Amino acid sequence: MLRDTIAAISTAHGGAALSVVRVSGPDALGVCGRVFRARRPLTELAPRTAFRACAADSSGRAFDEGLVLVFHGPASFTGEDLVEFHGHGGMLVTQMTLEALLAAGARAAGPGEFTQRAYLNGKMDLTQAEAVMDLIHAHSTLALRAANEQLGGAIGREAAALKEELLPVLAHVEAFIDFPDEDITPDTGAALAARMQSVVSRARGLVATSEQGRILRQGARTVICGEPNVGKSSLLNLLSGFERAIVSPAAGTTRDTIEEFIQVHGIPLRLVDTAGLREGGDDVERTGMDRARRELERADLVLEVVDGSRPPERRVEMPAALQGRRLLVLNKADLGISEAWQDSADAIPLSCATGEGVEALREAVRSVIMRSGPMQADHPVAVNARHKECFARVAVRTEAALAALRADAAPEFVALDLREALQALGEVVGAVDVEQVLDIIFSSFCIGK
Ligand SMILES: Nc1nc2c(ncn2[C@@H]2O[C@H](COP(=O)(O)OP(=O)(O)O)[C@@H](O)[C@H]2O)c(=O)[nH]1
Ligand SMILES: [Mg+2]
């Protein structure tokens, strides 16, 4: 697959001031030489330097003017010869550039193919390739920071450090396989066991960052719930900063769940506005309420909104598992807070109408999420589900090797488990055969990346 030359529009589709079209592969210069006209033939242009160039169709008629940059492999993002054309960002003109490149011999790139080539050509490990997408999709400053750490190789370095601990252990154990007359002395055994134990706890520490990783990548699911008309949709709008949901004095206006990504003190939240919970309502509204209850069960945080200007009516029943992850918001504080709420010491008075109390709410949201565990560790790396599965296997296999060693099992058995732990470490960075997972990883990319 690395033999052909691929082309794609790398910028977002739709009209813009500029667009970037990228071409990578062994014939990138040949293909682009047939489409782009610069001062000199592309092969003679200084690499990594912008030159003015025209884009022309197969009959030689120029249809755009912009800048061309040439990168010679392996000193390029993909590790292959790579050309970028920065043209005008109109939809038609950009599409014509891509079509001219396809007519000149390039193939249309699939999702993530440029990054996949960078990985296959050894420019980055698999965790760094994944980080490219995390960075593009980051919804908050903390998520962006974690993506940049990973792009810089933080998870790859963790895997390498564990490998460095395990390899000498394996070498030792294998030496005993080769010299069956020798016994593992108590001293050597203790030293090997200590190393294995340290690998187990470090691998478990990485597994423990996966909840943080989930929240950074997908956002903490924050469900706004309460009775109709208390101001749930107003709160979604207030926190997201624009009129996302319809606000109306008519009860039962929000009938479906509405989601919006926001960030609070760097933490990404996936904010979910739900249909108000009440008796009755028509079919559509009742379906909306079912959805609201389902959202509650999956929530990382629940914002229970009530009309604070009135005594409580019928509070929404909360799943017991939500203890400690629920905030009570007394909305409509501009109308005055009813005495009936005086016992609710932890409740947060808020006015969606004036914005008063929103900073206290943000602060409370932050402390609940940081306190409830997932974001607790101030660890620069936060693994994804794939890394978690690999590091969990590292821990389990190393522990099995340790148990075998302590039980005086034949060194062959110890070695077997150690090799599986090392295999799992290789899978993290893609150093061993991971053909099956590649398609899954790169298919979630955008085209041109
Ligand atoms: N006075 C006052 N009215 C509010 C406040 N928040 C919302 N409302 C009004 O309450 C009504 C219901 O609001 P909405 O956000 O649609 O409630 P929902 O049914 O819970 O989504 C609307 O008429 C809002 O303008 C507030 O803080 N103060
Ligand atoms: Mg609503």
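Bear in mind that the values here come from a model prediction, so they are computed numbers and not experimental data. (Residues numbered from 1 in each chain as written. Chains lettered and ligands numbered in written order. Predicted model: local features only at pLDDT ≥ 70, side-chain atom pairs only at ≥ 80, totals over all residues.)

Draft legend 1. Spatial organisation of the overall build of the protein chain. The helix and strand inventory of the protein chain stands at 14 helices and 13 strands. What you see for the protein chain is a C-alpha radius of gyration of 29 Å, clearly larger than the 22 Å of a compact globule of 449 residues, by over 25%. The principal-axis extent of the C-alpha atoms belonging to the protein chain is close to 80 × 75 × 35 Å. When contacts within the protein chain are restricted to residue pairs at least 6 apart in sequence, long-range pairs at least 24 apart make up 64% of them. (Helix = DSSP H or I, 4+ residues; strand = E, 2+ residues; numbered from the N terminus. Rg over C-alpha atoms; globule rule 2.2 N^0.38 Å. Contact = placed C-beta atoms within 7 Å.)

Draft legend 2. Focus on helix α2 (residues 91-103). Spanning 13 residues, α2 covers 18 Å between terminal C-alpha atoms, matching the ideal 18 Å at 1.5 Å per step. T94, T97, L98, A100 and L101 are the residues of α2 that are buried. End-on, the buried residues of α2 take up no more than an arc of 160°, which puts them together on one face. Count one or two residues on from α2 and you reach G105, which has phi positive near 120°. (Expected span 1.5 Å × (residues − 1). Buried ≥ 20, exposed ≤ 12 C-beta atoms within 10 Å, placed from the backbone. Arc of directions from axis to C-beta.)

Draft legend 3. The packing of helix α3 (residues 113-120) against helix α4 (residues 126-137), seen in detail. Two numbers describe how α3 lies on α4: the axes approach to 9 Å, and their chain directions differ by 160°. As summarised for this structure, α3 and α4 are arranged roughly antiparallel, according to the angle between their axes. Regarding α3 and α4, the two cross each other, and that crossing is right-handed. Seen from α3, the contacting residues are T115, A118 and Y119; seen from α4, they are L126, A129 and V132. (Axes fitted to C-alpha atoms, helices over the stretch in contact; angles between N-to-C directions. Parallel < 35°, antiparallel > 145°, perpendicular 65-115°, else oblique. Left-handed = near helix turned anticlockwise from the far one by under 90°.)

Draft legend 4. Here's a closer look at the pairing of strand β1 (residues 6-9). Side-chain alternation along β1 places I6 and A8 on one buried face and A7 and I9 on a second face that is also buried. Where β1 lies against strand β2 (residues 16-24), four bridges are found, and the strand directions are antiparallel. Paired with A8 across the bridge in β2 is R22. Linkage of β1 to β2, two consecutive antiparallel strands, is achieved through a turn of six residues, within which G14 is found at a positive phi near 115°. Bridge analysis of β1 against strand β7 (residues 107-108) gives two bridges, and the strand direction is parallel. Within the sheet, the bridge partner assigned to A7 lies in β7 and is A108. (Pairing = 2+ DSSP bridges.)

Draft legend 5. Up close: the site of ligand 1. In the region of ligand 1, 20 residues are neighbours, and G231, K232, S233, S234 and A353 sit closest. Residue contributions to the shell around ligand 1 peak at three residues, all from helix α9 (residues 232-240). Taken together, the residues of the shell around ligand 1 break down into seven nonpolar, ten polar and three charged. (Near = placed C-beta within 6 Å. Nonpolar A, V, L, I, M, F, W, Y, C, P; charged D, E, K, R; others polar.)

Draft legend 6. Spatial organisation of the sheet that holds strand β3 (residues 36-38). Pairing is mixed across the open sheet formed by seven strands, whose spatial order is β3-β4-β5-β6-β2-β1-β7. Lying at the two open borders of the sheet, with one neighbouring strand each, are β3 and β7. Sheet analysis places β2 next to strand β6 (residues 82-89), joined by eight bridges and oriented antiparallel. Bridge pairing in β6 links S19 to G87.

Draft legend 7. Summary view of the sheet that holds strand β11 (residues 301-307). If you walk across this open sheet you meet the six strands as β9-β10-β8-β11-β12-β13, and the pairing is mixed. With one partner strand each, in any of the chains shown, β9 (258-264) and β13 (348-349) form the two edges of the open sheet. The strands touched by helix α11 (residues 358-371) within the sheet are β8 (220-226), β9, β10 (267-273), β11, β12 (326-331) and β13, with β12 carrying the most contacts at an inclination of about 170°.

Draft legend 8. How the structure looks around the pairing of β6. Summarising the sheet, strand β5 (residues 62-71) and β6 pair through five bridges and their orientation is antiparallel. Looking at the pairing, V70 lines up with V83 of β6.

Draft legend 9. Helix α8 (residues 210-218), seen in detail. Of the positions making up α8, those classed as buried are S210, Q212, G213, I215, L216 and R217. Residues of α8 that are buried sit in contact with α4, α5 (141-151), α7 (186-208), β8, β10 and α12 (385-406).

Draft legend 10. Up close: the nonpolar core. Grouped together as the largest cluster of nonpolar side chains are 112 residues, with contacts concentrated most on A7, V23, V83, L101, I224, V394 and L418. In terms of residues, this core owes the most to one element, helix α13 (residues 411-429), which gives nine residues. Discounting residues that sit within four places of it in the chain, V23 has contacts with T5, A7, A28, V31, C32, L82, V83, L101 and A106. (Core = buried A, V, L, I, M, F, W, Y, C linked by C-beta atoms within 7 Å.)

Draft legend 11. Inspection of the packing of α7 against α12 at higher detail. Contact geometry of α7 with α12 gives a least axis separation of 8 Å together with a crossing angle of 155°. Comparing their axes, α12 and α7 come out roughly antiparallel. Every pair of crossing elements has a handedness; the one defined by α7 and α12 is left-handed. Where α7 abuts α12, its residues G189, L192, A193, M196, Q197, V199, V200, A203, R204, L206 and V207 lie against K388, F391, A392, V394, A395, T398, E399, A401, L402, L405 and R406.

Draft legend 12. Up close: the domain arrangement of the protein chain. Each assigned domain of the protein chain is listed with its residue range as follows: domain 1 (6-123), domain 2 (128-209 + 382-430) and domain 3 (226-371). In this structure, domain 2 and domain 3 have C-alpha centres spaced 43 Å apart. Each partner contributes to the interface: domain 2 provides five residues, whereas domain 3 provides five residues. Along the lines of polarity and charge, the residues of the side of domain 2 that touches domain 3 split into two nonpolar, three polar and no charged. (Domains from an automatic or database assignment.)

Draft legend 13. Quick look at the environment of L167. Residue position: L167 is located in helix α6 (residues 154-178). Assessed through the 13 C-beta atoms surrounding it within 10 Å, L167 is described here as partly exposed. In this structure the C-alpha to C-alpha distance between L167 and R419, which are 252 residues apart in sequence, comes to 8.9 Å.

Draft legend 14. The environment of A108, seen in detail. The residue A108 is located in strand β7 in this model. For A108, a count of 14 C-beta atoms within 10 Å corresponds to the partly exposed category. In this structure the C-alpha to C-alpha distance between A108 and V429, which are 321 residues apart in sequence, comes to 27 Å. With residues up to four places along the chain from it excluded, the contact list for A108 reads A7, A8 and L102.

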